[in-house]
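Observations on chain architecture
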Number of protein chains: 2
Amino acid sequence: MKVKTRWLTPPGQRAWRAVVGVHQGLPGVLARALQDCGNLSITDYVVLVALTDGPDGLHFQDLASTVQWEWSRMSHHLRRMAKRGLVTREECPKGGRGAHVVVTPGGCAAIETAAPRHVATVRRLVIDPLSPEELDMLTVLCERILGRLEADRP
Amino acid sequence: MKVKTRWLTPPGQRAWRAVVGVHQGLPGVLARALQDCGNLSITDYVVLVALTDGPDGLHFQDLASTVQWEWSRMSHHLRRMAKRGLVTREECPKGGRGAHVVVTPGGCAAIETAAPRHVATVRRLVIDPLSPEELDMLTVLCERILGRLEADRP
DNA sequence: GCATCATTGATGATGCGTCAACTACCGGTT
DNA sequence: AACCGGTAGTTGACGCATCATCAATGATGC
């Protein structure tokens, strides 16, 4: 019951396999590293980094747009994070409507322990095994692919 | 409330951003392409490709090991695919215990329409925008990273 | 001043993936 | 035969992501 499709050329197959392999392997290792120090998921980490990047919290919608999430996803995730004491919703200081999201001391502590280790993991897995020239090459190639991706999804 | 961590160097940041961008963007485009022709998810596609790669169906555990899934995940997914008429569980031809999974005619038709388009999408997004030398370079870099990943997860 | 509409955000339903039982069945041992 | 340990696979519960929908709060037109 062979499917008769013209598959990729051997170099193409090998490249695709490698890309898929990285795609499948990276999140697991990063997630484990984050789990080991502070019980954070990758998504928690992303949200906390966005929130702690400025001096104060962020508006709900600004937060959602900086991490490129839909509002509903953000809302659900903030509820779960709030239940775990990582963030809180406050009244908007500008008085208007809209939720203002801030990091609790607990969340701040969590991100401050997690961030250095996470960066170290990224370094170890992706940055360090490549020479500076190779890193630049990887950047160029990924950005080329990214361009196609964005052209595909306007 | 700035988190004071030594982040990546600018080239490192740019590389990491590009890698993450590809990682986040690729599945969406591939999933849409598969959805548009046959209502398959990426996971459906992977299972169907594995099943139609040989002349006959596969043993449950062989299927699980070729696509690198846990048994429970495979079991759940096969149940859902069976409910949609894509695969069936049969008695093992060897007589022993164990489930034998085969593709239904409907599943076969689905994969035969989906596969060429999927390959074309991969080509368009990843293979075509790169020259052969660049493709080889991408392979080498990804495989280097893969090595680190596997060293990290024994 | 109020009716209408868009924005902002929350909620419920559904599907997927993981973990931890749980069942069933085969093989060998006593 | 009865027992037992390991293999094969299923099931249930839970967390997360997405989609559709709902409620409340603006802004705008008349």
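Think of each chain on its own: its residues are numbered from 1, step by step along the sequence as written. As a convention, the first chain written is A and the first ligand written is 1, with the rest following in written order. Residues qualify for local features only when their pLDDT is at least 70, as the model is predicted, and side-chain atom pairs are given and counted only at 80 or more; totals for whole chains, interfaces and linings, by contrast, use all residues. Just so you know, side-chain values use all the structure's heavy atoms and leave hydrogens and water out.

1. Topic: unusual backbone geometry
- Not every positive phi belongs to a glycine, and Asn39(A) is a case in point at roughly 60 degrees.
- Counting from the N terminus, the helices are the DSSP runs of H or I reaching at least four residues and the strands are the DSSP runs of E reaching at least two. Within the secondary structure, Asn39(A) sits in the loop between α1 (10-36) and α2 (42-52).

2. Examining the interface of chain A and chain B
- By definition, residues are in contact when any of their heavy atoms lie within 4.5 Å. At the interface, 62 residues of chain A touch 61 residues of chain B.
- Counting the surface lost from both chain A and chain B, the interface buries some 6300 Å², and carbon and sulfur atoms represent 69% of this.
- We define a salt bridge as a side-chain nitrogen of Lys or Arg found within 4 Å of a carboxyl oxygen belonging to Asp or Glu. Summed over the shared surface of chain A and chain B, the number is six salt bridges.
- The residue Arg124(B) makes a salt bridge to Asp152(A) at a minimum N-O spacing of 2.1 Å.
- Between N or O atoms, a polar contact is any pair within 3.5 Å; within protein, one atom must be a potential hydrogen donor and the other a potential acceptor, and residues adjacent in sequence are included only when both atoms are from side chains. Summed over the shared surface of chain A and chain B, the result is 13 residue pairs in polar contact (both at pLDDT 80 or more).
- Those elements giving two or more residues to the side of chain A that touches chain B turn out to be α1, α2, α5 (105-127) and α6 (132-152) of chain A.
- Considering each element in turn, the side of chain A that touches chain B owes the most residues, 16 residues, to α1(A).
- We call Asp, Glu, Lys and Arg charged. Ala, Val, Leu, Ile, Met, Phe, Trp, Tyr, Cys and Pro are nonpolar, and the rest, Gly among them, are polar. Considering only residue class, the side of chain A that touches chain B consists of 37 nonpolar, eight polar and 17 charged. Note on definitions: buried area is the accessible-area loss of two parts on being combined, 1.4 Å probe, summed for both.

3. Description of the relation of the copies chain A and chain B
- Least squares is the method for superposing the copies, and the C-alpha atoms it fits come from residues with pLDDT of at least 70 in both. Taken as rigid bodies, chain A and chain B are interconverted by a rotation of 180 degrees and an axial shift of 0.1 Å, the fit giving an RMSD of 0.1 Å. What the superposition gives is, in effect, a two-fold axis relating one chain to the other. Across chain A, the smallest distance between a C-alpha and the rotation axis is recorded for His23(A), namely 3.0 Å.

4. Considering the environment of Val87(A)
Residue and element names in this part refer to chain A.
- Here valine 87 lies in strand β2 (residues 87-91).
- The class of valine 87 is buried, set by a relative accessible area of 3%.
- Considering only alpha carbons, one finds valine 87 and methionine 137, 50 residues apart in sequence, at a separation of 39 Å.
- The residues touching valine 87, leaving out its near neighbours within four places in the chain, are Leu48, Leu51, Leu78, Met81, Ala82, Val101, Val102, Val103 and Thr104. Summary of the burial criterion: residues with accessible area below 20% of their type's maximum are buried, those above 50% are exposed, and those between are partly exposed, where the area comes from a 1.4 Å probe applied to protein chains only.

5. Focus on the side chain of Thr104(A)
Residue and element names in this part refer to chain A.
- Turning to its location among the elements, threonine 104 is positioned in the loop between β3 (99-103) and α5.
- Classification of threonine 104 as buried rests on a relative accessible area of 14%.
- Aside from chain neighbours lying at most four places away, what touches threonine 104 is Gly85, Leu86, Val87 and Thr88.

6. Structural notes on the packing of α1(A) against α5(A)
Residues and elements named next belong to chain A.
- What counts as an axis is a line fitted to C-alpha atoms, over the stretch in contact for a helix, and the angles between N-to-C directions run from 0 to 180 degrees. Packing of α1 against α5 leaves a shortest axis separation of 9 Å and a crossing angle of 150 degrees. Between α1 and α5, the angle is such that the two are roughly antiparallel. Here the hand of the crossing between α1 and α5 comes out right-handed. Contact with α1, carried on its side by Leu26, Val29, Leu30, Ala33 and Leu34, involves Ala114, His118, Thr121, Val122, Leu125 and Val126 of α5 and no other residues of that element. Should an angle fall under 35 degrees it is called roughly parallel, over 145 degrees roughly antiparallel, and 65 to 115 degrees roughly perpendicular, with every other angle called oblique. Working rule for handedness: look at the near helix, and if it is turned counterclockwise from the far one by less than a right angle, call the crossing left-handed; if clockwise, right-handed.

7. Things to note about the environment of Gly38(B)
- As for its placement among the helices and strands, Gly38(B) is situated in the loop between α1 (10-36) and α2 (42-52).
- Taking the C-alpha atoms as reference points, Gly38(B) and Thr113(B), separated by 75 residues in sequence, lie 7.4 Å from one another.

8. With respect to the protein's contact with DNA strand D
- Residues in close proximity to DNA strand D total 18 residues, the closest being His76(B), Arg89(B), Arg97(B), Gly98(B) and Ala99(B).
- Interatomic distance of 3.4 Å between a side-chain N/O atom of His77(A) and a phosphate oxygen of DNA strand D.
- With respect to DNA strand D, the side chain of His76(B) contributes an N or O atom lying 2.8 Å from a base oxygen.
- Those elements that provide at least two residues to the surface near DNA strand D are α4 (71-83) of chain A together with α3 (60-66) and α4 (71-83) of chain B.
- At five residues, the largest contribution of residues to the surface near DNA strand D is made by α4(A).
- Split into classes, the residues belonging to the surface near DNA strand D amount to three nonpolar, nine polar and six charged. Any residue with at least one heavy atom within 4 Å of a molecule or strand is counted as near it.

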